[in-house]
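Structure at a glance
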Amino acid sequence: MVELKFRCTVNPPSDINNSGKASKKFSENLFIYSSNMPQYLSADKEKELIETATTLIVKGKGVLAADESTASMLKHFQPLGLENNEENRRLYRQILFTGSKELSNYISGVIFFHETFYQYDNNGKSFREILKDKGIIPGIKVDKGLVPLAGTNGENTTQGLDNLSERCAQYYRDGARFAKWRCALKIGDGLPSELCIRETSNVLARYASICQQNGIVPIVEPEVLSEGDHDLETCQYITEKVLAATYKALNEHHVFLEGTLLKPNMVTAGFDCKKKYKPEDIARATVTALQRTVPPAVPGICFLSGGQSEEEASINLNAINQYPGKKPWALTFSYGRALQASVLATWVGRPENVSAAQNQLLKRAQAHGAAAKGEYKGGASGTAGGQSLFEANRNY
Ligand SMILES: O=P(O)(O)OC[C@@]1(O)O[C@H](CO)[C@@H](O)[C@@H]1O
């Protein structure tokens, strides 16, 4: 039998002697280098970022993602026969923000779209103030949407870095304490490409760094889309690759992880996959992917719902929290569709349905809040029932 041995050698820098110890000159250089490094964030800024991040993921609470772009609102309003104009969008968001204060038992923060951030209720009070009075932190979507990555097989990156620092500074002055930036990656033949993973990781890291400089906690969202017929294992493999690249880029950009949150997809099979998986399978694949890639310094992970029904999103989050593996981060929600489907289906644009629609939001927020503690017992189906909220080609 032939025994093959491989040995890798790395030449030490010339200042490290053969015993492996750094010579005086090398250690001095290291010291000089580190003491001259500009401080990334002041101690006060770090403290503030940690406080915001930990308040957002406090046990049993999660984030309401109400940051749908104008184009996304068209998809919500069209089936109800509602015109997608500024006033209808304001009336709809007013429902989300002006219900009972009890909402703040389950919702710690709301992500706004720019237009909504500067809107007011019927009495002239800004939505931001209304939420702050309820103890809910206002957040803001700062990316400017997906754009094609030329030369790839239909892949995208996300734009919005121009003037981001100035915009963050203004949003901070106007009350925002956290932000969101979404990148979307597709699974398919040869997808996502290395280029797409590298580009989206880098843009997320650059965004995160700019937010932190302005006192804003960045929610980092590299969404692996659920379009396709891939199985659970494929989604886990790709999610791990994407998250590993994301954290490498965050490290390279010196992002202060303790002052960030991650908003990933749960690991699920593609919507067209023939095989059906149990919540326990989804929980195992999701927690394993996170254990392998997300540093414990990250305080919390708030999942997107990605087209799951409201009930699935509760049940799967519950299974994730019940999964007995190592989980050094809070595991909660930052849902859009899975918090709003029943609200929309109840409201249908009629003023007489506003209070019933607000009750639907409260009921679903309570269910997700219980799931974030691993205490959801099921049975909170709302007006939208267990209806899948998946939309193909959701490129926004
Ligand atoms: O998947 P969901 O839970 O419906 O939405 C997740 C989300 O990141 O994607 C949407 C589109 O950017 C945003 O409105 C929302 O914040």
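Overview of the structure. Values in this document were obtained by computation on a predicted structure and should not be read as measured data. (Residues numbered from 1 in each chain as written. Predicted model: local features only at pLDDT ≥ 70, side-chain atom pairs only at ≥ 80, totals over all residues. Heavy atoms only, no water.)

Right, let's talk about the packing of aromatic side chains for a bit. Per the stated rule, a full pass over the model turns up 11 aromatic pairs. Relative to Y171, the ring of Y118 lies with its centre 6.5 Å away and its plane at 25°, an arrangement referred to as stacked. Taken together, the positions of Y118 in the loop between helix 5 (114-117) and helix 6 (127-133) and Y171 in helix 7 (residues 164-173) put the pair 53 residues apart, joining distant regions of the chain. Ring centres 5.5 Å apart and planes at 35° place the aromatic pair F333 and Y335 in the tilted group. Overall, the relative accessible area of 0% leaves Y335 in the buried class. Each residue in the set F97, F112, F117, Y118, F127 and Y171 is aromatic and connected to the rest through ring pairs, giving one cluster. The positively charged end of R128 is found above the aromatic ring belonging to F117, 4.8 Å away from the centroid. Directly above the aromatic system of Y172 lies the positively charged group of R177, at a separation of 3.7 Å from the ring centroid. (Phe/Tyr/Trp six-rings, centres within 6.5 Å; stacked < 30°, edge-to-face > 60°. Helix = DSSP H or I, 4+ residues; strand = E, 2+ residues; numbered from the N terminus. Buried < 20%, exposed > 50% of the residue type's maximum accessible area, 1.4 Å probe, protein only. Lys NZ or Arg CZ within 6 Å of the ring centre and 35° of its normal.)

The next subject is the site of the ligand. The ligand sits among 16 residues. The nearest are D67, E221, S305, G306 and R337. Note that an oxygen atom of the ligand is positioned 2.9 Å from one of the side-chain N or O atoms of K180. Separating an oxygen atom of the ligand from a side-chain N or O atom of R337 is a distance of 2.7 Å. In isolation the ligand exposes 390 Å². Once the protein is present, 99% of that is buried. By residue class, the composition of the shell around the ligand is four nonpolar, three polar and nine charged. (Near = heavy atom within 4 Å. Polar contact = N/O pair within 3.5 Å; in protein donor to acceptor, adjacent residues only side chain to side chain. Areas by Shrake-Rupley, 256 points an atom, 1.4 Å probe, with all protein chains shown as cover. Nonpolar A, V, L, I, M, F, W, Y, C, P; charged D, E, K, R; others polar.)

With that settled, consider the packing of helix 9 (residues 232-252) against helix 10 (residues 279-293). The interhelical angle for the contact between helix 9 and helix 10, taken along N-to-C directions, is 25°, at an axis separation of 9 Å. With respect to helix 10, the element helix 9 is oriented roughly parallel. Between helix 9 and helix 10 lies a crossing of right-handed hand. For the pair helix 9 and helix 10, contact is made by L232, Q236, T239, E240, L243, A244 and Y247 and by D281, I282, A285, T288, A289, L290, R292 and T293, respectively. Looking at the contact of helix 9 with helix 10, its residues break down into eight nonpolar, four polar and three charged. (Axes fitted to C-alpha atoms, helices over the stretch in contact; angles between N-to-C directions. Parallel < 35°, antiparallel > 145°, perpendicular 65-115°, else oblique. Left-handed = near helix turned anticlockwise from the far one by under 90°. Contact = heavy atoms within 4.5 Å.)

With that settled, the discussion passes to the pairing of strand 9 (residues 300-303). A two-sided burial pattern is seen for strand 9, the buried positions comprising G300 and C302 on one face and I301 and F303 on the other. As defined by bridge partners, strand 8 (residues 261-262) adjoins strand 9 across two bridges and the pair is classed as parallel. The residue of strand 9 that forms the bridge with L261 is G300. Crossover handedness for the path strand 8 to helix 10 to strand 9: right-handed. In the sheet, strand 9 pairs with strand 10 (residues 330-335) via four bridges, with the strands oriented parallel. Paired with G300 across the strands is A330, a residue of strand 10. Crossover handedness for the path strand 9 to helix 11 (residues 310-322) to strand 10: right-handed. (Pairing = 2+ DSSP bridges. Right-handed = clockwise from strand over helix to strand, strands pointing away.)

What follows deals with the pattern of salt bridges. All chains considered together, the criterion is met by 16 salt bridges. Here E240 ties to R292 by a salt bridge, and the two come within 3.0 Å at their closest N and O atoms. Remark: R292 occurs in helix 10 and E240 occurs in helix 9; sequence separation between them is 52 residues. In this structure E240 comes out as buried when scored by relative accessible area, which is 16%. The shortest N-O distance in the salt bridge between D281 and R284 comes to 3.2 Å. With a gap of three residues between them, D281 and R284 both fall in helix 10, about one helical turn apart. (Salt bridge = Lys/Arg side-chain N within 4 Å of Asp/Glu carboxyl O.)

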